[in-house]
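Fold and geometry: a report
Single-letter residue listing:
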Amino acid sequence: AAHELEAATQSMCLGYYSGPSWQDSQEMFRGAARATIAEMWSSSHGAGPEDTSVQPPGTLWDIGCSGGLSTEEMAKTFPGVSATGLDLSPHYLSV
(Lines give C-alpha, C1' and ligand atoms only; values in the text may rest on other atoms or scores of the structure.)
Protein backbone atom coordinates (compact mmCIF):
# COMPACT_ATOMS: atom_id res chain seq x y z
CA ALA A 1 0.00 0.00 0.00
CA ALA A 2 2.83 2.41 0.79
CA HIS A 3 4.17 2.18 -2.77
CA GLU A 4 0.72 2.98 -4.20
CA LEU A 5 0.17 6.01 -1.97
CA GLU A 6 0.93 8.76 -4.49
CA ALA A 7 -0.99 7.16 -7.36
CA ALA A 8 -3.98 6.52 -5.11
CA THR A 9 -3.97 10.11 -3.89
CA GLN A 10 -3.76 11.44 -7.43
CA SER A 11 -6.67 9.36 -8.67
CA MET A 12 -8.75 10.13 -5.56
CA CYS A 13 -8.91 13.82 -6.44
CA LEU A 14 -10.50 13.07 -9.82
CA GLY A 15 -13.67 12.06 -7.99
CA TYR A 16 -14.04 15.51 -6.43
CA TYR A 17 -14.00 17.58 -9.61
CA SER A 18 -15.61 17.04 -12.99
CA GLY A 19 -13.57 17.92 -16.05
CA PRO A 20 -10.05 18.94 -14.97
CA SER A 21 -6.98 16.79 -15.51
CA TRP A 22 -5.67 14.78 -12.57
CA GLN A 23 -2.89 17.39 -12.16
CA ASP A 24 -5.38 20.27 -11.96
CA SER A 25 -7.62 18.23 -9.65
CA GLN A 26 -4.63 17.64 -7.39
CA GLU A 27 -3.79 21.32 -7.22
CA MET A 28 -7.41 22.30 -6.58
CA PHE A 29 -7.69 19.75 -3.77
CA ARG A 30 -4.30 20.51 -2.23
CA GLY A 31 -4.74 24.25 -2.69
CA ALA A 32 -7.98 24.10 -0.73
CA ALA A 33 -6.21 22.09 1.98
CA ARG A 34 -3.36 24.63 2.17
CA ALA A 35 -5.85 27.51 2.44
CA THR A 36 -7.70 25.72 5.25
CA ILE A 37 -4.45 25.02 7.12
CA ALA A 38 -3.42 28.68 6.88
CA GLU A 39 -6.89 29.84 7.99
CA MET A 40 -6.90 27.48 10.98
CA TRP A 41 -3.43 28.67 12.02
CA SER A 42 -4.50 32.32 11.82
CA SER A 43 -7.79 31.83 13.62
CA SER A 44 -6.18 29.78 16.40
CA HIS A 45 -3.82 32.72 16.96
CA GLY A 46 -6.59 35.33 17.19
CA ALA A 47 -6.45 36.68 13.63
CA GLY A 48 -9.07 36.95 10.92
CA PRO A 49 -8.76 35.16 7.57
CA GLU A 50 -7.23 38.19 5.81
CA ASP A 51 -4.90 39.19 8.67
CA THR A 52 -1.27 38.61 7.70
CA SER A 53 0.19 39.84 11.01
CA VAL A 54 0.26 36.34 12.54
CA GLN A 55 3.72 34.84 12.46
CA PRO A 56 3.94 31.47 10.71
CA PRO A 57 5.09 28.48 12.73
CA GLY A 58 8.82 27.82 12.90
CA THR A 59 8.44 24.08 13.50
CA LEU A 60 5.82 21.68 12.22
CA TRP A 61 5.24 18.09 13.34
CA ASP A 62 2.91 15.93 11.27
CA ILE A 63 1.98 13.03 13.56
CA GLY A 64 0.66 10.06 11.58
CA CYS A 65 2.06 11.44 8.33
CA SER A 66 1.77 8.21 6.33
CA GLY A 67 3.89 8.82 3.22
CA GLY A 68 4.44 12.50 4.00
CA LEU A 69 2.11 14.05 1.43
CA SER A 70 0.33 16.07 4.13
CA THR A 71 3.69 17.09 5.61
CA GLU A 72 4.76 18.42 2.23
CA GLU A 73 1.55 20.41 1.78
CA MET A 74 1.80 21.94 5.24
CA ALA A 75 5.41 22.91 4.53
CA LYS A 76 4.25 24.61 1.30
CA THR A 77 1.69 26.54 3.36
CA PHE A 78 4.41 27.92 5.62
CA PRO A 79 7.59 28.39 3.55
CA GLY A 80 10.72 28.13 5.66
CA VAL A 81 9.12 25.98 8.36
CA SER A 82 11.13 23.07 9.74
CA ALA A 83 8.75 20.19 8.96
CA THR A 84 9.03 16.69 10.40
CA GLY A 85 6.71 13.77 9.66
CA LEU A 86 6.25 10.93 12.13
CA ASP A 87 4.47 7.65 11.48
CA LEU A 88 4.43 4.29 13.25
CA SER A 89 4.75 2.37 9.98
CA PRO A 90 8.33 1.98 8.77
CA HIS A 91 6.87 1.04 5.36
CA TYR A 92 5.39 4.49 4.86
CA LEU A 93 8.44 6.30 6.16
CA SER A 94 10.73 4.40 3.82
CA VAL A 95 8.84 5.41 0.67
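For the structure, check the block above.
The text that follows walks through the structure, step by step, so that each part is easy to find. Quick caveat: nothing in here was measured; it's all calculated off a predicted structure. (Residues numbered from 1 in each chain as written. Predicted model: local features only at pLDDT ≥ 70, side-chain atom pairs only at ≥ 80, totals over all residues. Heavy atoms only, no water.)

**Some words on a nonpolar patch on the surface**
The grouping of Trp-61, Ile-63 and Leu-86 at the surface amounts to a nonpolar patch, some 360 Å² of accessible area in total. Of note, Leu-86 is situated in strand β2 (residues 82–86). By relative accessible area, which is 43% here, Leu-86 ends up partly exposed. (Patch = residues over 30% accessible without salt bridge, like charges linked within 9 Å, V, L, I, M, F, W, Y side chains within 5 Å. Areas by Shrake-Rupley, 256 points an atom, 1.4 Å probe, with all protein chains shown as cover. Salt bridge = Lys/Arg side-chain N within 4 Å of Asp/Glu carboxyl O. Helix = DSSP H or I, 4+ residues; strand = E, 2+ residues; numbered from the N terminus. Buried < 20%, exposed > 50% of the residue type's maximum accessible area, 1.4 Å probe, protein only.)

**Considering the environment of Pro-20**
Tracing the backbone through its elements, the reader meets Pro-20 in the loop between α1 (5–14) and α2 (22–44). A relative accessible area of 23% means that Pro-20 is categorised as partly exposed.

**Concerning α2**
One full turn of an α-helix is made of 3.6 residues, so residues set three or four places apart face in the same direction. The end-to-end C-alpha separation of α2 is 33 Å, in line with the 33 Å expected for 23 residues at 1.5 Å each. What α2 keeps buried is the set Ser-25, Gln-26, Arg-30, Arg-34 and Ser-42. Of the residues trailing α2, Gly-46 is marked for its positive phi of about 80°. (Expected span 1.5 Å × (residues − 1).)

The values are spatial; any link to function lies outside them.
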